[in-house]
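Reading the structure
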Amino acid sequence: MIGRSVIAMSAFAAGLFFVCTLNTYGVVLQDNFDAYTTGFPPPAPWNHREDSGTTVEVDDTVFFGPSGKSVHFYDPGSGVKTELSRGFSQTSNIVLEYYMRSDNQDYEGMFVVLNGDGGSDYLVNFSNGAFGGMKGYIGGWGANGGWVKPDLLAYKTNTWYKVRRELDCTTDTGRFYVWEVDEQHNPIGSPAEWEIGSNYVNTYIDGVFAWSSGSQGADGYIDEIYIVPEPCSLSLLALGCMALIRRRR
Ligand SMILES: [Ca+2]
Ligand SMILES: [Ca+2]
């Protein structure tokens, strides 16, 4: 009996480990925008939308890193927005990293958000004080809309901020980290952190959107978007099973 259950547990653990190990390989999206033509939107597989009076275009005057390009979002109007989006293979355990900066505190800047079968994920963004946000702060925005963490980090214009979003759709948990980045592009001190909690509905993520506010505008930049599957918690469970089996032997 014991021998049979050990074999079954071994097979189960090995299966979990295999599935989860597969999931940890392969960056699903990495783009620094440096290879694209200046003055135009990033090309396919990126999709873009520019309402009247707005632009989303590759810019070679502002960028993160020693040289290169970024994407400039310019949207001075209400009732219009500019948007960049891109799909990728379904992933349930994911990390998003990117750099963002706002050059005008009268605008909200860009929302960079993961999207899945349940809709949009939580996000962080610059606030101009509208709708309960705090002007001059990077705040957190709920998955169903509205500022839910308005005072995450006070920010300066013309300064890059690094954002990291960890999301585990299998447990509906995850965390945001936001760092100010210095002129040598190193994070300054400890990040501002925001634990989301467990109240969200995506079972997988399969796309990323960056858009300017419909009503509050943007004059800002994003660069170095990086999305990678995280080692999933199930692989830890599998390792735990293996350790247990070893002890029994
Ligand atoms: Ca770049
Ligand atoms: Ca707008």
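Structure shown above.
Residues numbered from 1 in each chain as written. Chains lettered and ligands numbered in written order. Predicted model: local features only at pLDDT ≥ 70, side-chain atom pairs only at ≥ 80, totals over all residues.

1. Overview of the sheet that holds strand β9 (residues 123–126)
Keep this limit in mind: A pair of strands is labelled paired if DSSP reports no fewer than 2 bridges between them. Comment: elements are numbered from the N terminus, with helices defined as DSSP H or I runs of at least four residues and strands as E runs of at least two. Note on geometry: axes are lines fitted to C-alpha atoms, helical ones only across the stretch in contact, with angles between N-to-C directions running from 0 to 180 degrees.
Judged by pairing direction, the sheet is antiparallel, and its 3 strands sit side by side in the order β9-β10-β11 without closing on themselves. Every other strand in the sheet has two partners, leaving β9 and β11 (147–154) as the edge strands with one partner each. Going from strand to strand, the sheet's axes swing by 30° on average, the running direction of each strand aside. Where strand β10 (residues 137–141) and β11 come together, 4 bridges link them in antiparallel fashion. Residue I138 lies in a different strand from β11, and its bridge partner there is L153.

2. Considerations on the sheet that holds strand β15 (residues 205–212)
Taken together, 5 strands build an open sheet; the order of strands is β2-β5-β15-β7-β8 and the sheet is antiparallel. A single partner strand is all that each edge strand has here, and the edge strands are β2 (47–50) and β8 (119–120). Pairing of strand β7 (residues 110–116) with β15 involves 7 bridges; the strand directions are antiparallel. What sits directly across from V112, in β15, is A210.

3. Re unusual backbone geometry
A cis amide bond links A44 with the next residue in sequence, P45, at an omega value of 10°. Of note, P45 is situated in the loop between β1 (29–31) and β2. Of note in this structure, F131 is not a glycine but carries a positive phi near 60°. Along the polypeptide, F131 turns up in the loop between β9 and β10.

Taken by themselves, the reported measurements are silent on function.
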